[in-house]
Amino acid sequence: MSSHDIFLGETIGTAVLILLGGGVCAAVTLKRSKAKDAGWLAITFGWGFAVLTAAYLAGGVSGAHLNPAVTIGLAVEGGTKWSDVPLYLGSQLLGAMIGAVLVWATYYGQFQAHLTDPEIIKAQPAEEGLVDQKAAPAAGPVLGIFSTGPEIRNAVQNLITEIIATTVLVLAILTQGLNDGGNGLGTLGALITALVVVGIGLSLGGPTGYAINPVRDLGPRIVHSLLPLPNKGGSDWSYAWIPVVGPLIGGALAAYIFKLF
């Protein structure tokens, strides 16, 4: 694969992944959305279909890694050259940021209506338990559309959860999902991977929201911090390292397990 192929495939593929995945989160969260309160099943299947669509778009171009944990896993396993890793990771981060901006553009009116709703403005400081009403909450009311967050904030547990979930994902890709060249997802592998993502969401997603992809969390979190959203609150940067480090460890661990057995 040429550098041009990697850049285009990973940028476009990851942008579509975040557009559709972040889009389902916006649809379920925002007050003036027709899918408001559709629930966890809608989110997990929405992300699964997002992976499926993005993987088929990018699979024949870049191998559809779409995830630094997958790229690291394939580099450790030997299917991807280490010299290509920086380009993969940079393209994925760029794509994730583009996808997050597209979510905002698609739901622009809903974001404005939601964040200017008196109930949202009034409830947010109380929910965060703030004594100083001028202080920004750690996680704003729409941050969950852009990035993940734990239900119980325990760094060790949250990190372990992300490691375990990502290990499952990358092991499934290494054992069932690769194309003939061993450097990305194959046609059947894209479908298998999408179903695995749904399964992870249903079974392991409850504690942290299952980032299982560093750029899926980091790129949109950066966009959240930059977008001119009214009353958006904080971007919870104190938690942001966990959905980056955990999946990277999980991807490498899965590759070592695969090579060992």
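Please read these numbers as outputs of a predicted model, since none were measured by experiment.

**What about the overall build of the protein?**
Here comes step 1: A count of helices and strands for the protein gives 11 helices and 0 strands.
Here comes step 2: Its helices and strands taken in sequence order, the protein reads α-α-α-α-α-α-α-α-α-α-α from the N to the C terminus.
Here comes step 3: For the protein, whose C-alpha radius of gyration is 18 Å, the value lies close to the compact-globule estimate of 18 Å for 261 residues.
Here comes step 4: In terms of overall dimensions, the protein has C-alpha extents of about 55 × 35 × 30 Å along its principal axes.
Here comes step 5: For the protein, restricting intrachain contacts to residue pairs at least 6 apart in sequence, the fraction spanning at least 24 positions comes to 78%.
Here comes step 6: Taken as a whole, the protein presents about 11400 Å² of accessible surface, with 67% of it coming from carbon and sulfur.
Here comes step 7: Distance from the positive charge centre (12 side chains) to the negative charge centre (15 side chains) of the protein: 7 Å.

**A word on a nonpolar patch on the surface**
Here comes step 1: Residues Phe 7, Leu 8, Ile 12, Val 61, Leu 94, Ile 98 and Leu 102 make up a contiguous nonpolar surface patch of roughly 520 Å² in combined accessible area.
Here comes step 2: Those elements that place two or more of their residues in the nonpolar patch are α1 (3-29) and α4 (85-106).
Here comes step 3: One can find Leu 102 in helix α4.

**Remarks on unusual backbone geometry**
Here comes step 1: Its identity as a non-glycine residue notwithstanding, Asn 231 has a phi of 55°, on the positive side.
Here comes step 2: Tracing the backbone shows Asn 231 in the loop between α10 (214-226) and α11 (242-260).
Here comes step 3: A positive phi angle is found at Asp 236, which is not glycine, with a value near 55°.
Here comes step 4: Using a relative accessible area of 5% as the deciding quantity, one classes Asp 236 as buried.

Conventions and cut-offs
Residues numbered from 1 in each chain as written. Predicted model: local features only at pLDDT ≥ 70, side-chain atom pairs only at ≥ 80, totals over all residues. Heavy atoms only, no water. Helix = DSSP H or I, 4+ residues; strand = E, 2+ residues; numbered from the N terminus. Rg over C-alpha atoms; globule rule 2.2 N^0.38 Å. Contact = heavy atoms within 4.5 Å. Areas by Shrake-Rupley, 256 points an atom, 1.4 Å probe, with all protein chains shown as cover. Lys, Arg positive; Asp, Glu negative; His and termini not counted. Charge placed at Lys NZ, Arg CZ, Asp CG, Glu CD. Patch = residues over 30% accessible without salt bridge, like charges linked within 9 Å, V, L, I, M, F, W, Y side chains within 5 Å. Salt bridge = Lys/Arg side-chain N within 4 Å of Asp/Glu carboxyl O. Buried < 20%, exposed > 50% of the residue type's maximum accessible area, 1.4 Å probe, protein only.

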